[in-house]
Amino acid sequence: MKVCKFGGTSMATAKSIRQVEKIIRSDPERKYVVVSAPGKRFKGDIKVTDLLYQADAEKAHYGCAGPAIEEIRDRFVTLVAELGLDMDMDRYIDEVEAGINASSGSDYAASRGEYLSAIVLSELLGFDFVDAADIIKFKHDGSFDADNTNDLVQELKKNTKGIVIPGFYGSMPDGSIKTFSRGGSDVSGAIIARGVGAAIYENWTDVNGFMVTDPNVVQNPKQMEVLSYEELRELSYMGASVLHPDSIFPVREDGIPINIRNTFEPENKGTMILPDISGYPKSSIVTGIAGRKGNTTISLKKAMMNSELGFGRKVLSVLERHGISFEHMPTGIDTMSIVITEKVLNGVESQVIEDIKGKVNPDSIEVIHNLALIAVVGHGMANQMGTAARIFVALYQAGVNIRMIDQGSSEMNIIIGVEEKDYEKAIKAIYSAFFE
Ligand code: ASP
């Protein structure tokens, strides 16, 4: 049995939804379908989820949702008419509008795009609609309740007709709606795949899978055919945005493969994400290159730091007290640097610096902004000499100054910090060193 998740672009228009229908009907194994809210129909269009956040903001400002709801109404009424479905969409939109006006917090509003999208598709397919609120559960503290959810999802195996489930949300113990972070329908799909024991989790989107690097930086980069869970985790954490980075956790334990597919090019095999790829021949030592801008480094120097017991712990305790998690921590003999995402330091940076000074009394402390991190990822790197050399030569030849280097002990990634202005140049240089 397969679980298929269809993203926002796949659910955006009557034409794309017809294509979704065709894909589902072409394989009787495709019995569990998870959907996103309708996304953009054209460049500059607004996703239904964003309209719903707008509706919620309208409610917060004026006491009730207004124009945004009417736009959503328009989209769904047109959609069902074009699909030739006999559904009273106005009734559903009225229900959503009343719900937004009565709810506190934005999660309920944000979740309704998936809710409506799943109702429409279930009607078109003649599948059952199962509300995610009834099967995907969160605990009182807001964390995901994996065990409870898994028991509830397993019950779906009794269904023989086929099921459509809205992605992106679940419910709290008091029944209120809670969403995952943006793009979270990917996570919902993975949760359903685990619960029903799917043979494969197909994630249908609008690209042919993972590209070796960001197509906005390198034109027409190569497509990845296979990658491992671990590589995916590294790449998506570092900015490769095809799949939500948390999608691995639910399927990891049971080793369920994830196949990224393109709704608009279904003949392309896409990218296969597997627990173990050691049996696959690889054309390059490097699997992928990803990166993101917007990082800050705090660099400390102190004579004899290395022999000062508890130095690192004290510095990190300051971050912990401020609720800040860090990305990397390269250290020297008497130096220590901590790389942190810029936005988590916003507003608290000077206080953090003062607290570190007070705690460990360093000889100097320097803050460097606008650092871009680039991860070069691949299992092949572990037993291959010269990978780092190739990266550094490429960067040297491109005239890129390296500000930081960090190689994980797993030896499946090398992280490089460069100035933001050099980011695109650096990615291009590394790409051509390994793939051209
Ligand atoms: N619709 C939600 C978003 O735009 C969730 C999703 O599509 O996965 O983030």
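This structure is a prediction, so every number in the text was calculated from the model and none was measured.

Attention shifts here to the site of the ligand. Around the ligand, the structure places S36, T49, E114, F168, R182, G183, G184 and S185. At 2.8 Å from an oxygen atom of the ligand is found a main-chain nitrogen or oxygen belonging to G183. Between the ligand and the protein, one listed contact pairs an oxygen atom with a backbone N or O atom of S185 at 2.9 Å. Summarising the interface, the protein chains cover 91% of the accessible area of the ligand, which totals 260 Å² for the free molecule.

Okay, the side chain of S299 next. Within the secondary structure layout, S299 lies in strand β11 (residues 288–301). On the accessibility criterion, S299 (16% relative accessible area) is buried. The contact partners of S299, leaving out residues within four places of it in the chain, are M336, S337, S364, I365 and E366.

Right, let's get into the side chain of S117. Structurally, S117 can be placed in helix α5 (residues 107–125). The residues touching S117, leaving out its near neighbours within four places in the chain, are M11, V35, S36, A37, P38 and F76.

With that out of the way, let us pick up the environment of K343. Locating K343 in the fold gives a position in helix α12 (residues 342–345). Overall, K343 belongs to the exposed group, its relative accessible area being 65%.

Our next topic: the packing of helix α2 (residues 48–62) against helix α3 (residues 67–82). As a packed pair, α2 and α3 sit with axes 7 Å apart at the nearest point and diverge in direction by 150 degrees. Compared by their axis directions, α2 and α3 come out roughly antiparallel. Here α2 and α3 pass one another in a crossing that is left-handed. Contact residues: α2 offers V48, L51, L52, Q54, A55 and E58, while α3 offers P67, A68, I69, E71, I72, R75 and F76. Residue classes in the contact of α2 with α3 are distributed as nine nonpolar, one polar and three charged.

With respect to topology, five strands assemble into an open sheet ordered β12-β11-β13-β15-β14, the strand pairing being antiparallel. The open sheet terminates on both sides in strands that have one partner only, identified here as β12 (335–341) and β14 (402–407). Ignoring strand direction, the axes of neighbouring strands in this sheet form an average angle of 35 degrees. Both strand β13 (residues 364–377) and strand β15 (residues 413–419) contribute to a ladder of seven bridges, which runs antiparallel. Opposite V376, over in β15, you have I414 as the bridge partner. In this fold helix α13 (residues 349–360) packs onto β11 and β13, with an angle of close to 110 degrees to the strand it touches most, β13. Across the sheet, helix α14 (residues 387–397) lies against β13, β14 and β15, angled at about 15 degrees from β15, the strand it touches most.

Where empty space is left becomes clear once a probe the size of a water molecule has been rolled over the atoms. By volume, the second largest pocket amounts to about 320 Å³. Around the second largest pocket sit Y237, M238, G239, R292, K293, S325, E327, T341, K343 and V344, which together line it. For the lining of the second largest pocket, the secondary-structure elements that each account for two or more residues are β11 and α12. Classifying every residue of the lining of the second largest pocket by side-chain character gives three nonpolar, three polar and four charged.

Procedures and definitions
Residues numbered from 1 in each chain as written. Predicted model: local features only at pLDDT ≥ 70, side-chain atom pairs only at ≥ 80, totals over all residues. Heavy atoms only, no water. Near = heavy atom within 4 Å. Polar contact = N/O pair within 3.5 Å; in protein donor to acceptor, adjacent residues only side chain to side chain. Areas by Shrake-Rupley, 256 points an atom, 1.4 Å probe, with all protein chains shown as cover. Helix = DSSP H or I, 4+ residues; strand = E, 2+ residues; numbered from the N terminus. Buried < 20%, exposed > 50% of the residue type's maximum accessible area, 1.4 Å probe, protein only. Contact = heavy atoms within 4.5 Å. Axes fitted to C-alpha atoms, helices over the stretch in contact; angles between N-to-C directions. Parallel < 35°, antiparallel > 145°, perpendicular 65-115°, else oblique. Left-handed = near helix turned anticlockwise from the far one by under 90°. Nonpolar A, V, L, I, M, F, W, Y, C, P; charged D, E, K, R; others polar. Pairing = 2+ DSSP bridges. 1 Å grid on protein atoms, 1.4 Å probe; cavity = no way out; pocket = protein on both sides within 12 Å on 5 of 7 lines; lining within 4 Å. Points joined across faces, edges and corners; volume = space filled by probe spheres on them.

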